[in-house]
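A closer look at the structure
The primary structure of each chain is shown beneath.
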Amino acid sequence: MNFQKVKISEIKPNPNNPRIIKDEKFKKLVKSIQDFPEMLELRPIVLNSENIVLGGNMRLKACQEAGLKEVPIIRAENLTPEQQQEFIIKDNVSFGEWDYDGLANQFDTSLLNDWGLDIAYTEMDEERRELDQQAKLEKKESILNEYFVVPPFSILDSRAGYWQDRKKRWLEIIGDMGESRTDTLISSLPMKYPRLYREYGRIRKEGKFANFAEYISSFPSEELEKECKAMSQGVSILDPVLCEVSLRWFCPKEGVCIDPFAGDSVFGCVAGSLGRRFRGVELREEQKNLNQMRADELKIDASYVCDDGQNIGKHIAENSADFIFSCPPYFDLEKYSDDPLDASNQSSYEDFLKILDNAFTASIKCLKENRFAVVVMSNVRGKNGAYHRISDDIKDIFEKNGMCFYNDLVLINQVGTAALRASPTMRTLKVGRTHQNVLVFYKGDTDNMLFDDFENSRENVNMHTDVMVFYKGNPKTVSDHFNINDIKNESKDV
Ligand SMILES: C[S@@+](CC[C@H](N)C(=O)[O-])C[C@H]1O[C@@H](n2cnc3c(N)ncnc32)[C@H](O)[C@@H]1O
């Protein structure tokens, strides 16, 4: 083997060269030769005895392009034709792999790119592009958030960081960490002491206590107080960000908001803080008093009356309200009191629905034209395990009162994945419910909607599709026909 310099015009490219080079890379190779010609001396072009290139076809082409007249070569004279072929392939095979982390740590990636490290370039660039894309999306999202509070899509994701941050800020402002619910829920011991309720579930079979109330009474009062305080952090209160979004999107500034099932103080406090006026009807005296105290402390325009929501027309004049916001009881999911008028205390779904019907019908009469109503609702299961049609029944109530169903939103609840994994309901193929429906109705002529009355008058985009699951047969026997382990095994196979 000998090194020498040969006139470029005397060198013959290999006509059967199996490698190709793309324009972009070729340009980089030319530039690399111009910038660092010494490299050619250290890695000369390999020729056979007939001056045909065995190794370095691309480099030869690039040298021609770079205007070189002579190039360093090394001659492999003693190779058989088979060995020459083997050399051509092996010269181009790359056995190693790039350590991308090492490259990124020790080299300037833009230089690597200039030097033609195409694989590294592509992968790193891809990663960078993805990050850029993500940053762009986040930026877009944050612009949307600035404008609309949260992205104005049909999915309201309360798990998202921006939502949680905002929620924290709201709870600081309105100072309600759930106490306004726990302190007043006299008849719902399981809600007040959920941890003890779970404990009780474990020991119930031992038969030591006749019921949960008796079990609770076996604890000293200080301990119960502590338990209740600790749990109030986790109690499900109305989400203040949902209140804010509903108000900013669908309630005119300074508008009067009404709710026939007022519940805790969250909505009234958010509404008042946003310059709206709130009038709420709540059946439980102690809840009404606590809410009023909080509203007065915050010096906001929110007032509560203690009455049956079906009587809302006695407190609010017809056609005077700008917004209805309500999160009524989800039938008997949580029982609020033993009052026979309490919608959560009805023995049949039909009786529960009658109260909702009367209260909403009366509320709609109080609403002005060109105004919205938002109802937060979740479907609940009946005793046989099948769902009631609460959301649909509510749609019927609003529609028969002349309002149209205008936006169909879904509020994704914040649920720990551990809770999801542990969910025993899949034994009977009941998919764990982690969302609530936020139904938006409009009163008035949609063709002549006065958008200027609303802060964020831009339409929402539908981002979810309903997937409804029906079952033919007695829902109680689902687990007799379907085995959860089969489902688990099948998903493992995938
Ligand atoms: C789901 S809560 C309201 C939601 C509330 N924003 C919350 O999360 O606490 C339902 C409220 O409706 C009240 N309620 C039940 N039946 C009622 C009725 N007939 N009239 C007025 N309020 C009623 C309950 O006392 C309870 O506070």
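Description of the structure in this document. What you are looking at is a predicted structure, and each value in this text was computed from that prediction instead of being measured.

This next bit is on the overall build of the protein chain. For the protein chain, the count of helices and strands is 22 helices and twelve strands. The contacts of the protein chain with a sequence gap of at least 6 include a subset with a gap of at least 24, amounting to 73%. Approximately 28,400 Å² of the protein chain is accessible, and the part contributed by carbon and sulfur atoms is 51%.

With that settled, consider the packing of helix H8 (residues 161-174) against helix H15 (residues 266-273). Packing of H8 against H15 leaves a shortest axis separation of 10 Å and a crossing angle of 90°. By the angle between their axes, H8 is roughly perpendicular relative to H15. Where H8 approaches H15, its residues Trp170, Ile173 and Ile174 are matched on the opposing element by Val266, Cys269, Val270 and Ser273. Grouping the amino acids of the contact of H8 with H15 by side-chain chemistry returns six nonpolar, one polar and no charged.

Mapped onto the elements of the fold, Gln287 is located in helix H16 (residues 285-298). Using a relative accessible area of 0% as the deciding quantity, one classes Gln287 as buried. Residues Gln287 and Asp264 lie 23 residues apart in sequence; the distance between their C-alpha atoms is 6.8 Å.

Moving on, we come to H8. Between its first and last C-alpha, H8 extends 20 Å over 14 residues, near the 20 Å set by a 1.5 Å rise per residue. Residues Trp163, Gln164, Lys167, Trp170, Leu171 and Ile174 constitute the buried set of H8. Take H8 and look down its axis: the buried residues cluster within an arc of 125°, on one side only. Turned more than 90 degrees away from the buried face of H8 sit Lys168 and Glu172, all of them exposed. Turning to H8, the residues buried within the fold contact strand E5 (155-157), helix H14 (240-250), H15, H16 and strand E11 (403-412).

Calculation criteria
- Residues numbered from 1 in each chain as written.
- Predicted model: local features only at pLDDT ≥ 70, side-chain atom pairs only at ≥ 80, totals over all residues.
- Heavy atoms only, no water.
- Helix = DSSP H or I, 4+ residues; strand = E, 2+ residues; numbered from the N terminus.
- Contact = heavy atoms within 4.5 Å.
- Areas by Shrake-Rupley, 256 points an atom, 1.4 Å probe, with all protein chains shown as cover.
- Axes fitted to C-alpha atoms, helices over the stretch in contact; angles between N-to-C directions.
- Parallel < 35°, antiparallel > 145°, perpendicular 65-115°, else oblique.
- Nonpolar A, V, L, I, M, F, W, Y, C, P; charged D, E, K, R; others polar.
- Buried < 20%, exposed > 50% of the residue type's maximum accessible area, 1.4 Å probe, protein only.
- Expected span 1.5 Å × (residues − 1).
- Arc of directions from axis to C-beta.

All we've got here are geometric facts, nothing functional implied.
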